[in-house]
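Per-entry structural report
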Amino acid sequence: MAKFNFKKGDTVEIITGDDKGKTGVVLAVLPKKNKVIVEGCKVAKKAVKPTEENTKGGHVNKEMPIDVSNVRKVEA
């Protein structure tokens, strides 16, 4: 398993892709998939089925994982 330079709560910058130049906080680290989830970056609309809590269902905006090679740690 690879060693990560990121941990939950770190501030990172996106260096490639549609969100290039954006900065955000790491919400989760997925070491087995070599990815991180960054707040407010790579947001996708997901369809949600109706449940007891959410009786209408509909669509939810959700952050998707980004490959570790596409982010850089920002020193605060």
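Higher on the page you've got the structure.
Figured I'd write up the structure that's included with this text. Position labels on residues start from 1 in each chain and follow its written sequence. In view of the model being predicted, local features appear only for residues whose pLDDT reaches at least 70, and side-chain atom pairs are presented and counted only at 80 or more, with totals across whole chains, interfaces and linings using the full set of residues. To get the side-chain values, take all heavy atoms of the structure and skip hydrogens and water.

Turning our eyes to something else, we now look at the nonpolar core. Formed by Phe-4, Phe-6, Val-12, Ile-14, Val-26, Val-36, Val-38, Cys-41, Ile-66, Val-68 and Val-71, the largest nonpolar core amounts to eleven residues. Every element with two or more residues in this core is listed here: β1 (11–14) and β3 (35–38). Pairs of residues are marked as contacts when any of their non-hydrogen atoms sit within 4.5 Å. With sequence-adjacent residues up to four places away left out, Val-68 is seen in contact with Phe-4, Phe-6, Asn-34, Lys-35 and Val-36. To form a nonpolar core, buried Ala, Val, Leu, Ile, Met, Phe, Trp, Tyr and Cys residues must be joined to one another through side-chain atoms within 4.5 Å. A simple rule labels every residue: compare its accessible area, found with a 1.4 Å probe on the protein chains alone, to the largest value its type can have, and call it buried under 20%, exposed over 50%, or partly exposed in between. Runs of H or I in DSSP of at least four residues are treated as helices and runs of E of at least two as strands, each being numbered from the N terminus.

Here, any two strands with at least 2 DSSP bridges between them count as paired. Where strand β2 (residues 23–30) and β3 come together, four bridges link them in antiparallel fashion. Along β3, the bridge assignment pairs Val-29 with Val-36. Where β2 hands over to β3, the hairpin turn is made up of four residues, of which Asn-34 adopts a positive phi near 65 degrees.

With respect to the element layout, Lys-22 can be found in the loop between β1 and β2. Separated by ten residues in sequence, Lys-22 and Val-12 place their C-alpha atoms 8.5 Å apart.

A side chain of one charge can pair with a side chain of the opposite charge if their charged atoms are brought near each other. Any carboxyl oxygen of Asp or Glu that lies within 4 Å of a side-chain nitrogen of Lys or Arg is treated as forming a salt bridge with it. A complete count under the given rule lists four salt bridges for this structure. The salt bridge partner of Asp-10 is Lys-7, with a shortest N-O separation of 3.9 Å. Judged by its relative accessible area of 53%, Lys-7 is exposed. Note that Lys-22 and Asp-19 form a salt bridge whose closest N and O atoms lie 3.2 Å from each other. Judged by its relative accessible area of 39%, Lys-22 falls in the partly exposed class. Here Asp-19 falls in the buried class, since its relative accessible area comes to 14%. Through salt bridges with shared partners, a single ionic network connects Lys-7, Asp-10 and Lys-73.

One non-glycine residue, Asn-34, lies in the positive phi region at around 65 degrees. Assignment of secondary structure puts Asn-34 in the loop between β2 and β3. Phi angles above zero are rare outside glycine, and Lys-42 is one such case at about 55 degrees. Structurally, Lys-42 can be placed in the loop between β3 and β4 (43–48). For Lys-42, a relative accessible area of 44% gives the class partly exposed.

Fair warning: the whole summary comes from geometry, so function is off the table for now.
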